[in-house]
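Listed here are the chains, written in short residue letters.
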Amino acid sequence: MIGGTDIYQLIPQRPPIVMVDVVWSADETCAETGLTVQEDNIFVRNGRFREPGLIEHIAQSAAAFAGYGTFARGEEPRLGYIGEIKDCTLSSLPKVGDELKTRIQLMTEVGGIRLISAETKVKDAVMASCQMKIFLKEK
Amino acid sequence: MRDYFSITSEKIDGFSGLFAVRLNPDCKVYEGHFPGEPVSPGVCNIEMVLACAEKVIGFPLRMIKLNRCRLTTLITPLTHADLELKIALTPKDERWVLNAEIGKGEENYMTLKAEVTKDE
């Protein structure tokens, strides 16, 4: 488990746009991450964590998953960019105080392009799911 | 994200709109995305599209589904400060289909297709 400011060893983002606060577990093909929605989160509006925030949480969960690998090799996290988001359902908007739990599954990785699928829940309720293509910048 | 962009001109015709926007390089988001290398976050561009779509349709929107969003070009507030947004909304059952593009002239940087409803 990696959390608190240690998360900065896994992702290149910094405040005010850090959208993942813990990696619960990670192996070669999947990871579980989390985020507790704070009131001052830049994507919170009227007490709800809005759609762009949910998508960014998933993207940064994927980044943290990739960063787990580079961290294990003693390297800095690589910059990553979203290339494509597909079939993203946004069933429910989390509230301030909700603890998001996200499962990231690596589907393919070819030449620095990662295709992942993700599902985000609060307790047993699904908030969002999608597929995402992420480009990792060469060092 | 407040202060992310400003609209420099808009042309709304029915449920379609054409917006000229300017990205703000002093937006706080760039302190963290990324330190020393400002890159416009894809999700902030999605947020910008939704804000313009709300201007076209006249009420706040809730995005239920993002069918597809392709981001083909790295946008930064320094290299791509001035952008053009095309918005088109089409009613479908009790929702609206939103088709949007961000680009400049002949160049296309992002395309998006989503389903939206009125935000309660």
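Here the structure is a predicted model, which means the values were calculated and not measured.

Definitions and limits used
Residues numbered from 1 in each chain as written. Chains lettered and ligands numbered in written order. Predicted model: local features only at pLDDT ≥ 70, side-chain atom pairs only at ≥ 80, totals over all residues. Helix = DSSP H or I, 4+ residues; strand = E, 2+ residues; numbered from the N terminus. Rg over C-alpha atoms; globule rule 2.2 N^0.38 Å. Buried ≥ 20, exposed ≤ 12 C-beta atoms within 10 Å, placed from the backbone. Expected span 1.5 Å × (residues − 1). Contact = placed C-beta atoms within 7 Å. Nonpolar A, V, L, I, M, F, W, Y, C, P; charged D, E, K, R; others polar. Pairing = 2+ DSSP bridges. Core = buried A, V, L, I, M, F, W, Y, C linked by C-beta atoms within 7 Å.

(A) Layout of the overall build of chain A. In terms of regular secondary structure, chain A is built from 1 helix and 9 strands. Along chain A, helices and strands appear, N-terminal first, in the series β-β-β-β-β-α-β-β-β-β. For chain A, the C-alpha radius of gyration of 14 Å lies close to 14 Å, the compact-globule estimate for 139 residues. Overall, the C-alpha framework of chain A stretches about 40 × 30 × 25 Å when taken along its three principal axes.

(B) Just the overall build of chain B, in detail. Per the secondary structure count, chain B includes 1 helix and 6 strands. Of the regular secondary structure in chain B, the N- to C-terminal order runs β-β-α-β-β-β-β. A compact globule built from 120 residues would reach a C-alpha radius of gyration of about 14 Å, and chain B, at 14 Å, matches this within 12%. Dimensions along the principal axes, computed over C-alpha positions, put chain B at roughly 45 × 25 × 25 Å. Burial analysis of chain B (120 residues in total) assigns 35% to the buried set.

(C) Just helix α1 (residues 42–57) of chain B, in detail. Residue and element names in this part refer to chain B. With 16 residues, α1 should reach 22 Å at 1.5 Å per residue; the first-to-last C-alpha distance of 23 Å fits that figure. Counting buried residues in α1 gives 12 out of 16 residues, a clear majority hidden from the surface. Along α1, the positions that sit buried rather than exposed are Gly42, Val43, Cys44, Asn45, Ile46, Glu47, Met48, Val49, Leu50, Cys52, Ala53 and Val56. The positive-phi residue at the C-terminal boundary of α1 is glycine 58, with phi of around 90°.

(D) Molecular detail of the environment of A:Tyr8. Note on placement: A:Tyr8 falls in the loop between β1 (2–3) and β2 (22–26). Along the sequence, A:Tyr8 and A:Ala31 sit 23 residues apart, while their C-alpha atoms lie 17 Å from each other.

(E) Layout of helix α1 (residues 51–72) of chain A. Residues and elements named next belong to chain A. Here α1 is 22 residues long and its end C-alpha atoms lie 32 Å apart, about the 32 Å a rise of 1.5 Å per residue gives. Most of α1 sits out of view: 18 of its 22 residues are buried. Of the residues trailing α1, glycine 74 is marked for its positive phi of about 75°.

(F) Structural view of the environment of A:Gln38. Residues and elements named next belong to chain A. In this fold, glutamine 38 is placed in the loop between β3 (30–36) and β4 (44–45). Taking the C-beta count within 10 Å as the criterion, glutamine 38 has 12 such neighbours and is therefore assigned exposed. A sequence separation of 21 residues divides glutamine 38 from isoleucine 17, and the C-alpha atoms of the two residues are 12 Å apart.

(G) Here's a closer look at the interface of chain A and chain B. Taken together, the contacts link 23 residues of chain A with 24 residues of chain B. Elements that contribute at least two residues to the side of chain A that touches chain B include exactly α1 and β6 (80–90) of chain A. No other element matches β6(A), which puts 10 residues into the side of chain A that touches chain B. Of the residues belonging to the side of chain A that touches chain B, the class tally is 14 nonpolar, 3 polar and 6 charged. As defined by bridge partners, β6(A) adjoins strand β3 (residues 61–71) of chain B across 5 bridges and the pair is classed as antiparallel. Each bridged residue has a counterpart across the sheet, and for A:Lys86 the counterpart in β3(B) is B:Arg68.

(H) Region of interest: the nonpolar core. Of all hydrophobic cores here, the largest spans 74 residues; its most connected members are A:Ile58, A:Ala62, A:Met132, B:Val49, B:Ala53 and B:Leu85. With 10 residues, the single largest contributor to this core is α1(A). For B:Ala53, the contacting residues outside a window of four places in its chain are B:Leu61, B:Ile87, B:Leu89, B:Leu98, B:Ala100 and B:Val116.

(I) Just the pairing of β3(B), in detail. Sheet topology note: the β3(B)/strand β6 (residues 107–118) of chain B ladder contains 9 bridges and is antiparallel. What sits directly across from B:Arg70, in β6(B), is B:Thr111.

(J) Structural detail: the pairing of β3(A). Residue and element names in this part refer to chain A. Residues Ala31, Thr33 and Leu35 of β3 are buried on one face, while the alternating residues Cys30, Glu32, Gly34 and Thr36, pointing to the opposite face, are not. For β2 and β3, the ladder comprises 4 bridges, and the chain directions are antiparallel. Directly across from valine 23, in β3, lies its bridge partner threonine 33. Here β2 folds back onto β3, and the loop between the two strands holds 3 residues. The sheet contact formed by β3 and strand β7 (residues 99–110) spans 7 bridges and is antiparallel. Counted as the bridge partner of cysteine 30 is glutamine 105 from β7.

(K) Here's a closer look at unusual backbone geometry. Looking along the chain, the bond that leaves A:Pro15 and enters A:Pro16 is cis, with omega of 10°. Along the polypeptide, A:Pro16 turns up in the loop between β1 and β2. Residue B:Phe34 follows B:His33 across a cis peptide bond; omega there is -5°. For B:Phe34, the position within the fold is in the loop between β2 (16–23) and α1. Residue A:Asn46 is not a glycine yet carries a positive backbone phi of 50°. You can see A:Asn46 is positioned in the loop between β4 and β5 (48–49). A:Asn46 sits in the exposed class, given 9 other C-beta atoms within 10 Å. For B:Asp3, which is not glycine, the phi dihedral falls at a positive 60°. When you line up the elements, B:Asp3 lands in the segment before β1 (5–13).

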